[in-house]
Amino acid sequence: MTESFKTGVGVVDRSVAILDCVESRPMGTSELARTLGLTVSTAHRLATALAAHGLLRRDADGRFHLGPRFATSALAEVARPVLDELCATAGECVQLWVRRADHRLCVVSVECGEELRASQPEGCLLPLPHGSSAQVLLGEYDPAGPGWVESMQGRAPGVGSVSAPVRLHGDVVAAVCLSAPIQRLDPNPGARYGAQVVAAAARIEAALA
């Protein structure tokens, strides 16, 4: 392996070395192996594991790039004013969710002024797959459809939501979610709020780009 800072924890050092290489320019498995003095199988195993955790992503040509986890801070920063506006316009709570393995993490949360509301605190970690934002993060929606997913009591009794994907480099990296008590969403939350949620997601995408 090429000379770099080493801690003595081999798998961590090799993984960070892969990140360092990819940060300089996209690389495929074979080039990573040659550059770092690793076997192709080891480079592939480590890079694939890093991609599974969102630290790398792989393009159509098989080259690895830094993954969406490195964009989370920028994502939250550009999303917050957009979600503030969505909350003010719709009058309901809104969140931005990202995937973390088999869970979803709330990275931005804006609460509405209603006494009865469906809010989630920032930093909240919920299991997949229930709820519209979970469906978006899992890719369980029709790309040729309206651009949003709705859920009525999918996550919790009495709560409904509508969510839309935020994409970066063509991959879904987050979900914009509007949530509210079901009595204010009946009979169809998507018809009522879907277009606003999709527009907010598109604004976040544009800001990231």
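Treat the numbers as computed from the prediction; the structure is a model and nothing was measured.

On to the overall build of the protein chain. Summing up its helical and strand segments, the protein chain has 6 helices and 8 strands in all. Mapped in sequence order, the helices and strands of the protein chain form the string α-α-α-β-β-α-β-β-β-α-β-β-β-α. Principal-axis analysis of the C-alpha atoms gives the protein chain an extent of 60 × 35 × 25 Å. A burial count over the protein chain gives 46% of its 209 residues as buried. A separation threshold of at least 6 residues defines the contact pool for the protein chain, and within that pool the share at least 24 residues apart is 55%. Counting 19 positive and 22 negative side-chain charges, the protein chain places the centres of these two groups 6 Å from one another.

The subject of this paragraph is the environment of glutamate 111. Here glutamate 111 is to be found in the loop between β4 (103-110) and β5 (125-127). Here glutamate 111 falls in the partly exposed class, since its relative accessible area comes to 42%. Separated by 23 residues in the primary sequence, glutamate 111 and alanine 88 have C-alpha atoms spaced 9.4 Å apart. If we ignore the near neighbours within four places in the chain, the residues touching glutamate 111 are Cys87, Cys93, Arg117 and Ser119. A polar contact is formed between the side chain of glutamate 111 and the side chain of serine 119, at a distance of 3.4 Å.

A word on a nonpolar patch on the surface. Taken together, the side chains of Val9, Val11, Val12 and Val16 make up a nonpolar region of the molecular surface, amounting to roughly 290 Å² of accessible area. By the element assignment, valine 11 lies in helix α1 (residues 10-24).

Attention now goes to the pattern of salt bridges. Across all of its chains, the model carries 7 salt bridges by this definition. Put simply, glutamate 111 and arginine 117 hold a salt bridge, and the shortest N to O gap is 2.9 Å. Arginine 117 sits in the partly exposed class, given a relative accessible area of 36%.

To continue, consider the sheet that holds β5. Taken together, 6 strands build an open sheet; the order of strands is β5-β4-β3-β8-β7-β6 and the sheet is antiparallel. Each edge of the open sheet carries a strand with a single partner, namely β5 and β6 (149-152). Averaged over all adjacent pairs, the angle separating strand axes in this sheet is 30 degrees, with direction ignored. Sheet topology places β4 next to β5; 3 bridges connect them, and they run antiparallel. Following the sheet pairing, arginine 104 is matched in β5 by leucine 126. Its contacts with the sheet place helix α4 (residues 72-90) against β3 (93-100), β4, β7 (159-168) and β8 (171-181), and it is angled at close to 55 degrees to β4.

So, on to the UniProt feature "domain: HTH iclR-type" (unreviewed entry) in the protein chain. On the UniProt side, "domain: HTH iclR-type" (unreviewed entry) is annotated at positions that read residues 9-68 here. Here residues 9-68 runs as 60% helix and 10% strand, with 25 Å between its end C-alpha atoms.

What follows deals with the pairing of β3. Counting buried positions along β3 yields 7 of 8 residues, so the element is predominantly enclosed. Relative to β8, β3 runs antiparallel, the two being bridged by 5 bridges. Paired with tryptophan 97 across the two strands is alanine 175, which belongs to β8.

Helix α6 (residues 189-208) packs onto α4 with a crossing angle of 155 degrees between their chain directions and a minimal axis gap of 9 Å. Here α6 runs roughly antiparallel to α4, going by the angle between their axes. Judged by the twist between their axes, the crossing of α4 over α6 is right-handed. Touching Ala74, Leu75, Val78, Ala79, Val82, Leu83, Glu85, Leu86, Thr89 and Ala90 of α4 are Tyr193, Gln196, Val197, Ala200, Arg203, Ile204, Ala207 and Leu208, all from α6.

Conventions we followed
Residues numbered from 1 in each chain as written. Predicted model: local features only at pLDDT ≥ 70, side-chain atom pairs only at ≥ 80, totals over all residues. Heavy atoms only, no water. Helix = DSSP H or I, 4+ residues; strand = E, 2+ residues; numbered from the N terminus. Buried < 20%, exposed > 50% of the residue type's maximum accessible area, 1.4 Å probe, protein only. Contact = heavy atoms within 4.5 Å. Lys, Arg positive; Asp, Glu negative; His and termini not counted. Charge placed at Lys NZ, Arg CZ, Asp CG, Glu CD. Polar contact = N/O pair within 3.5 Å; in protein donor to acceptor, adjacent residues only side chain to side chain. Patch = residues over 30% accessible without salt bridge, like charges linked within 9 Å, V, L, I, M, F, W, Y side chains within 5 Å. Areas by Shrake-Rupley, 256 points an atom, 1.4 Å probe, with all protein chains shown as cover. Salt bridge = Lys/Arg side-chain N within 4 Å of Asp/Glu carboxyl O. Pairing = 2+ DSSP bridges. Axes fitted to C-alpha atoms, helices over the stretch in contact; angles between N-to-C directions. UniProt positions renumbered as here; feature names shortened; annotations may be inferred. Parallel < 35°, antiparallel > 145°, perpendicular 65-115°, else oblique. Left-handed = near helix turned anticlockwise from the far one by under 90°.

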